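The lines below spell out each chain.
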Amino acid sequence: MQLQDTHSKLVGYLLWIFGFLGAHRFYYGRPLTGTIWFFTLGLLGIGWLIDLFLIPSMDREADLRFHAGSTDYNIAWLLLTFLGVFGVHRMYLGKWLTGLLYLLTGGLFLIGVLYDFWTLNEQVSLRNAQRSY
């Protein structure tokens, strides 16, 4: 079976730069530890430093867990990370109504953005799986 590359190590390492806030952990589908990293500044920097060496294995695990397809995880994550309060990532996923709602409410007052950090991988995976049928 051919392993499909759903997540990028390059994007993972770019997000790792901000990893003390858990960005790379959310990206690789680890929202619980991403939240812990966010509130503890990467376990006081120690976990953040260790993650430098763990990113290749997190990337492989994400490639196994999530469906590849025409909706690109990297684009969705970059849109969420940098334009999440404007709902651009939701529009990219074809969720135009909630995208407009995010645009008008600052990402539903940032609570919606936090929800999407927890669930974006599953949202993209589901969209790719639905398109493959």
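Residues numbered from 1 in each chain as written. Predicted model: local features only at pLDDT ≥ 70, side-chain atom pairs only at ≥ 80, totals over all residues. Heavy atoms only, no water.

(A) Looking closely at helix 5 (residues 73-83). What helix 5 keeps buried is the set Tyr73, Asn74, Ala76, Trp77, Leu79 and Leu80. Sitting at the head of helix 5, aspartate 72 places a side-chain oxygen 2.8 Å from the backbone nitrogen of asparagine 74. (Buried < 20%, exposed > 50% of the residue type's maximum accessible area, 1.4 Å probe, protein only. Helix = DSSP H or I, 4+ residues; strand = E, 2+ residues; numbered from the N terminus. Polar contact = N/O pair within 3.5 Å; in protein donor to acceptor, adjacent residues only side chain to side chain.)

(B) Molecular detail of the packing of aromatic side chains. Overall, the coordinates contain 7 aromatic pairs when judged by the stated rule. Seen in terms of ring centroids, tryptophan 16 and tryptophan 48 are 4.5 Å apart; in terms of plane orientation they differ by 5 degrees. Their pairing is stacked. Of the two residues, tryptophan 16 sits in helix 1 (residues 9-17) while tryptophan 48 sits in helix 4 (residues 46-65), which places them 32 residues apart along the sequence. For tryptophan 16, a relative accessible area of 13% translates into the label buried. Aromatic ring contacts, followed pair by pair, group Phe26, Tyr27, Tyr28, Trp77 and Phe117 into a single cluster. Over the ring of tryptophan 37 we find arginine 25; its NZ or CZ atom is 4.2 Å from the centre of that ring. (Phe/Tyr/Trp six-rings, centres within 6.5 Å; stacked < 30°, edge-to-face > 60°. Lys NZ or Arg CZ within 6 Å of the ring centre and 35° of its normal.)

The analysis is restricted to geometry; functional conclusions fall outside its scope.
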